[in-house]
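# Observations on the three-dimensional arrangement
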Amino acid sequence: MEHTTDIIIIGAGAAGLYAAMELSAKGKKVTVLEAREKTGGRIRSITGNFSKAMDAGPEFIHGDLPITKSLLKKAGSKFYKHKGEFYRSRNGKIVETDEMTEGWDRLMKELKGLKKDMTLVQFLDEHFGDEKDKELRREVIGLAEGFDAADANRISAFAVRNEWGGDTIDDSYQIEGGYTPLVDYLTAECRKNGCTFHFKTEVKKIKWQKGRVEIICMSGQVFEAPKVMITVSLGVLISENETCSIAFSPAIPAKITAAKQMGFGPIVKINFEFSTVFWNDANFKNSVIQIPDLGFLNSENEIPVWWTRAPDQPFLVGWAGGSNAEKLKQLSDDVLLKKAIASIAAAMNTTETIINEQLTAHAISNWGNDPFTKGAYSYDTPETGEAKKILSEPLEDTIFFAGEALGDHTGTVEAAMENAKQVVKKVLSL
Ligand SMILES: Cc1cc2nc3c(=O)[nH]c(=O)nc-3n(C[C@H](O)[C@H](O)[C@H](O)COP(=O)(O)OP(=O)(O)OC[C@H]3O[C@@H](n4cnc5c(N)ncnc54)[C@H](O)[C@@H]3O)c2cc1C
């Protein structure tokens, strides 16, 4: 048996780090076990051939999120409103969009009038089942699947209403240097407070009884403590018996069933850097559609969504989510790269040769295949409310669950930290 401590935290992503910082600041002895070689979890920057650090995972602050903004300030990071306009590319033509297609107002009116929650597909079947609304249905499903990493057959209509009825899409901030300085800040605070980190330490099994856990790792190491906080993603939690999963003894079927009722979807994210801003460059005016104030570009191609860091910077980020990403996640990075190039070429009505000639750096992040996340982030199903309550309830004051999926701002870094903060309060109250 190795290492005795007050509490073991599994996972050093935003939730695990935030909890470790707060618990250690209150004098608790905290041990953090992390499968990867460093802290951050889904927050990961890519350097490679890029002239700036790019983000494999999160890069936006979606709205006015207090914990995130306050920590970024402490970390010395600046953030700014995402610049540029929304466009849609259809059949090689670009149209500026107020985010949505014709029928959007009708859609929001019906959603606002909805009394009982149901899945998005059920809602569309009931209210927009006519042939004339076919295009609207396709747009709505594409948007929910794309941005929420969701299966339209599972995502809650109420959740879609809350998200689209608010202003978070318009109210997005980008962070200079990405989320990594926030991770570095949390990690440094944890170390200052005396937390112990074990990296490349994948947890395989948790044997538990009231007041005692024994954590068995892939390496054969065993850690023991009176409590454990589990911050792994929903994807890892529900992947019983697969590689990189965690077994419980005794089993915890009610918790796992609750986790399975919540939504968790894949994303393929592609970062590209080019030698020119060819969508805003007179030299390309005859060969590429010019969109000088490009912010977001939504298309119907295999990698449908693209955005700029700023309209005048030579970076494009590609994004596929939901059922689209589910299909793409099986493919190799080389195939995904080709599809991404073909997708931009089609969306900007140009040739793959031009895109290839301009491309100076690329990175493919296929989150559905990431062994220690097994997806990108959670989304709400009609069952999520009840399921969250079940999963949030500590087991015998011994096993605590925390992380993005249990926070209020679903699918965000803020959600991971706000939930960690709540769970820390529960731990300290015992
Ligand atoms: C492509 C993408 C884009 C995103 N965009 C945004 C965005 O723009 N804005 C935003 O706010 N959020 C965004 N998110 C969501 C955000 O990244 C997450 O909500 C947040 O980082 C989750 O933090 P967490 O601590 O809950 O989980 P994680 O970061 O997943 O931390 C869990 C940790 O547990 C570790 N682990 C897993 N299994 C084991 C094991 N068996 N043993 C030991 N350790 C283990 C993992 O390695 C990981 O470090 C995005 C996510 C992705 C993937």
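Residues numbered from 1 in each chain as written. Predicted model: local features only at pLDDT ≥ 70, side-chain atom pairs only at ≥ 80, totals over all residues. Heavy atoms only, no water.

Attention now goes to the packing of helix α2 (residues 66-74) against helix α7 (residues 180-192). The N-to-C vectors of α2 and α7 enclose an angle of 80 degrees; their axes lie 9 Å apart at closest approach. By the angle between their directions, the pair α2 and α7 is classed as roughly perpendicular. Of α7, the residues touching α2 (which contributes T68, L71, L72 and K74) are L182, Y185 and L186. Across the contact of α2 with α7, the residue classes tally to 5 nonpolar, 1 polar and 1 charged. (Axes fitted to C-alpha atoms, helices over the stretch in contact; angles between N-to-C directions. Helix = DSSP H or I, 4+ residues; strand = E, 2+ residues; numbered from the N terminus. Parallel < 35°, antiparallel > 145°, perpendicular 65-115°, else oblique. Contact = heavy atoms within 4.5 Å. Nonpolar A, V, L, I, M, F, W, Y, C, P; charged D, E, K, R; others polar.)

For the rest of this paragraph, the subject is the nonpolar core. The nonpolar side chains of a soluble globular protein tend to be buried with one another. L186, M229 and M417 are the most contacted members of the largest nonpolar core, which has 39 residues in total. Broken down by secondary-structure element, the contributors of at least two residues to this core are β2 (7-10), α1 (14-25), β3 (30-33), α2, β10 (172-175), α7 and α14 (413-428). Among the elements that make up this core, the one with the highest residue count is α1 (8 residues). (Core = buried A, V, L, I, M, F, W, Y, C linked by side-chain atoms within 4.5 Å. Buried < 20%, exposed > 50% of the residue type's maximum accessible area, 1.4 Å probe, protein only.)

A few words now on the domain arrangement of the protein. Put simply, an interface is often sized by how much accessible area is lost when its parts join up. For the protein, the assigned domains are domain 1 (2-43 + 179-260 + 382-428) and domain 2 (100-165). With centres defined by C-alpha atoms, the gap from domain 1 to domain 2 works out at 34 Å. (Domains from an automatic or database assignment.)

The parallel open sheet is built from 5 strands, whose spatial order is β11-β3-β2-β15-β24. Because the sheet does not close on itself, it has two edges, and the strands there are β11 (196-198) and β24 (399-401). Adjacent strand axes in the sheet meet at a mean angle of 20 degrees, parallel and antiparallel pairs treated alike. Inspection of the sheet shows β2 paired to β3 by 4 bridges, in the parallel sense. Considered in β3, the bridge of I8 is made with T31. (Pairing = 2+ DSSP bridges.)

A word on the site of the ligand. In the vicinity of the ligand lie 39 residues, with E34, R36, R42, F60 and E404 positioned nearest. One nitrogen or oxygen atom from the main chain of A14 is found 3.1 Å from an oxygen atom belonging to the ligand. Interatomic distance of 3.4 Å between a backbone N/O atom of G411 and a nitrogen atom of the ligand. Within the complex, the protein chains bury 99% of what would otherwise be the 1,000 Å² of accessible surface of the ligand. Only α1, β6 (60-62) and α14 provide two or more residues apiece to the shell around the ligand. (Near = heavy atom within 4 Å. Polar contact = N/O pair within 3.5 Å; in protein donor to acceptor, adjacent residues only side chain to side chain. Areas by Shrake-Rupley, 256 points an atom, 1.4 Å probe, with all protein chains shown as cover.)

So, on to the sheet that holds strand β7 (residues 79-81). Pairing is antiparallel across the open sheet formed by 3 strands, whose spatial order is β6-β10-β7. Two strands lie at the open edges of the sheet, namely β6 and β7, each paired on one side alone. Along the sheet, successive strands turn relative to each other by an average axial angle of 30 degrees, direction set aside. Two elements, β7 and β10, share 3 bridges in a ladder whose sense is antiparallel. Residue pairing across strands places K81 opposite Y173, the latter belonging to β10. Strand contacts of α2: β6, β7 and β10, with the helix running at about 130 degrees to β7, the strand carrying the most contacts.

Taken as a whole and assessed by the stated rule, the structure comprises 16 aromatic pairs. Seen in terms of ring centroids, W104 and W164 are 5.3 Å apart; in terms of plane orientation they differ by 40 degrees. Their pairing is tilted. Pair noted here: W104 is in helix α3 (residues 104-113) and W164 is in helix α6 (residues 157-165), with a separation of 60 residues, a long-range link. Exposure class is identical for W104 and W164. Each is buried. (Phe/Tyr/Trp six-rings, centres within 6.5 Å; stacked < 30°, edge-to-face > 60°.)

This part covers the pairing of β10. A regular strand places its side chains on the two faces of the sheet in alternate fashion. Burial along β10 is two-sided: the residues S172 and Q174 and Y173 and I175 are all buried. In terms of strand pairing, β6 meets β10 through 3 bridges, oriented antiparallel. Paired with I61 across the bridge in β10 is Y173.

This part takes up the pattern of salt bridges. Scanning the entire structure with this criterion turns up 23 salt bridges. For R44, the salt bridge identified is with D370, shortest N-O distance 2.8 Å. Of the two residues, R44 sits in the loop between β3 and β4 (45-46) while D370 sits in the loop between β22 (359-366) and β23 (377-379), which places them 326 residues apart along the sequence. Judged by relative accessible area, R44 falls into the partly exposed class, the value being 30%. Close ionic contact of R212 with E224 constitutes a salt bridge, the shortest N to O distance being 3.5 Å. Here R212, found in strand β13 (residues 212-217), pairs with E224, found in strand β14 (residues 222-225); they are 12 residues apart in sequence, far enough to count as distant. The class of R212 is partly exposed, set by a relative accessible area of 30%. (Salt bridge = Lys/Arg side-chain N within 4 Å of Asp/Glu carboxyl O.)

Here α14 is 16 residues long and its end C-alpha atoms lie 23 Å apart, about the 22 Å a rise of 1.5 Å per residue gives. Among all positions in α14, only V413, E414, A415, A416, M417, E418, N419, A420, V423, V424 and V427 are buried. Those residues of α14 that are buried are in contact with β2, α1, α2, α7, β15 (228-230) and β24. (Expected span 1.5 Å × (residues − 1).)

In this fold, S24 is placed in helix α1. Of the polar contacts made by the side chain of S24, one reaches the backbone oxygen of M21; its length is 3.1 Å.

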